[in-house]
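Working through the structure, step by step
Each chain is listed here by its residues.
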Amino acid sequence: MTTNAEESQARPRRRAPAGAAVLREDVTEAIRAAVFEELASVGYARMSIEGIARRAGVGKTAVYRRWRSKLHLVLDVVSALAVLGLPTPDTGSLEGDLRLLYEVTSRALRHPVASQIIPDLQAEAARNPDIAEAMQKTLRQGQEGVASKIIEAAQRRGELAGDLDDDLAMDLISGPLYWRSVVIRTPKLPKGYLAALARGTTEALKAL
């Protein structure tokens, strides 16, 4: 008669399925960094999962376990650019919050890699409706995540009306700086531009 201990030793150990393995964060971050480098180097059209994996020092499987296509991988990076890793500003005033948002956004948009990637993705979006739709959704959600909280805080303080046109408010907050930095790509913002933009946007929002 066998004991429980003997049965336990005789029974083969079950291996966790491959899909259940924990995804290593350092590998994920290495892949994201490789995407930035690959986009800046060859552009979206010529970018490949193979090239990304090679830059990251991993196999293609490691990439596909995290993202099912290069479009989804790039959109993940675009989303990170949109959100900017910025906690919601909390300066105590609408103008102060907007000024901080614009300072951080301006630095991010003028980063050498970002300044190459965004125009390239815009060009691809003009040719590919799927990319256009996905980029619009991703960028919009990223900006709204921060801007909507700035507006809500201003409404709680009584600086803004509670019945704003949300879409128009988002356009006022995000549009001018994006136009300057990404569309016409002004080499250097004029001195005092961000402060003036924050002040003007504050007044425009109050007038809605």
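Reading guide: rules and limits
- Residues numbered from 1 in each chain as written.
- Predicted model: local features only at pLDDT ≥ 70, side-chain atom pairs only at ≥ 80, totals over all residues.
- Heavy atoms only, no water.
- Helix = DSSP H or I, 4+ residues; strand = E, 2+ residues; numbered from the N terminus.
- Buried < 20%, exposed > 50% of the residue type's maximum accessible area, 1.4 Å probe, protein only.
- Contact = heavy atoms within 4.5 Å.
- Axes fitted to C-alpha atoms, helices over the stretch in contact; angles between N-to-C directions.
- Parallel < 35°, antiparallel > 145°, perpendicular 65-115°, else oblique.
- Left-handed = near helix turned anticlockwise from the far one by under 90°.
- Nonpolar A, V, L, I, M, F, W, Y, C, P; charged D, E, K, R; others polar.
- Patch = residues over 30% accessible without salt bridge, like charges linked within 9 Å, V, L, I, M, F, W, Y side chains within 5 Å.
- Areas by Shrake-Rupley, 256 points an atom, 1.4 Å probe, with all protein chains shown as cover.
- Salt bridge = Lys/Arg side-chain N within 4 Å of Asp/Glu carboxyl O.
- Phe/Tyr/Trp six-rings, centres within 6.5 Å; stacked < 30°, edge-to-face > 60°.
- Lys NZ or Arg CZ within 6 Å of the ring centre and 35° of its normal.
- pLDDT = per-residue confidence, 0-100.
- Core = buried A, V, L, I, M, F, W, Y, C linked by side-chain atoms within 4.5 Å.

Things to note about the overall build of the protein
Helix and strand counts for the protein stand at ten helices and zero strands. What you see in the protein, going N to C, is helices and strands ordered as α-α-α-α-α-α-α-α-α-α. A buried classification covers 36% of the 208 residues belonging to the protein. Long-range pairs, those at least 24 residues apart, make up 67% of the contacts in the protein with a sequence separation of at least 6.

Here we look at the side chain of Glu 38
For Glu 38, the location among the structural elements is in helix α2 (residues 25-46). With sequence-adjacent residues up to four places away left out, Glu 38 is seen in contact with Gly 43, Met 47, Ser 48, Gly 51, Ile 52 and Arg 55.

So, the environment of Thr 28
Secondary-structure assignment places Thr 28 in helix α2. Residue classification places Thr 28 among the buried residues on the basis of a relative accessible area of 8%. Each C-alpha atom, one on Thr 28 and one on Val 63, is 8.1 Å from the other, the two residues being 35 residues apart in sequence. In this structure Thr 28 touches Arg 66 and Trp 67, once residues within four positions along its chain are discounted.

Examining the packing of helix α6 (residues 94-109) against helix α10 (residues 193-207)
Here α6 crosses α10 at 135 degrees, and the two axes come no closer than 8 Å. One way to sum up the angle between α6 and α10 is to call them oblique. In terms of crossing hand, the pair formed by α6 and α10 is right-handed. Residue-level contacts link Leu 94, Glu 95, Leu 98, Arg 99, Tyr 102, Glu 103 and Ser 106 of α6 to Leu 194, Ala 195, Leu 197, Ala 198, Arg 199, Thr 201, Thr 202 and Leu 205 of α10. Tallied by class, residues from the contact of α6 with α10 come to eight nonpolar, three polar and four charged.

A short note on a nonpolar patch on the surface
The grouping of Trp 179, Val 183 and Ile 184 at the surface amounts to a nonpolar patch, some 300 Å² of accessible area in total. Mapped onto the elements of the fold, Val 183 is located in helix α9 (residues 166-183). The class for Val 183 is partly exposed, based on a relative accessible area of 41%.

Thoughts on the packing of aromatic side chains
Tallying each qualifying case throughout the model produces zero aromatic pairs. Directly above the aromatic system of Tyr 44 lies the positively charged group of Lys 70, at a separation of 4.4 Å from the ring centroid.

Quick notes on the pattern of salt bridges
Overall, the coordinates contain eight salt bridges when judged by the stated rule. A salt bridge links Arg 24 to Asp 26; the shortest N-O distance between them is 2.6 Å. Ionic pairing is found between Glu 37 and Arg 55, a salt bridge with its closest N-O pair at 3.8 Å. Pair noted here: Glu 37 is in helix α2 and Arg 55 is in helix α3 (residues 49-56), with a separation of 18 residues, a long-range link. On the basis of relative accessibility, which here comes to 42%, the residue Glu 37 falls in the partly exposed class. What you see here is one network of salt bridges that share partners, running through Glu 37, Glu 38 and Arg 55.

Comments concerning the confidence of the model for the protein
Put simply, the protein has an average pLDDT of 81, and 79% of its residues get 70 or more. The least confident element of the protein, judged by mean pLDDT, is helix α1 (residues 4-10) at 47; the most confident is α10 at 96.

Details of the nonpolar core
Ranked by internal contacts, the top residues of the largest apolar core, which has 24 residues, are Ile 31, Val 35 and Leu 73. Breaking this core down by element, the ones donating at least two residues are α2, α3, α4 (60-64), α5 (70-83), α7 (112-127) and α8 (129-156). Residue contacts for Val 35: discarding those within four places in its chain leaves Met 47, Ile 52, Leu 73, Val 74 and Val 77. Listed in part, the 21 residues of the second largest apolar core include Leu 94, Val 146, Leu 189 and Leu 194.

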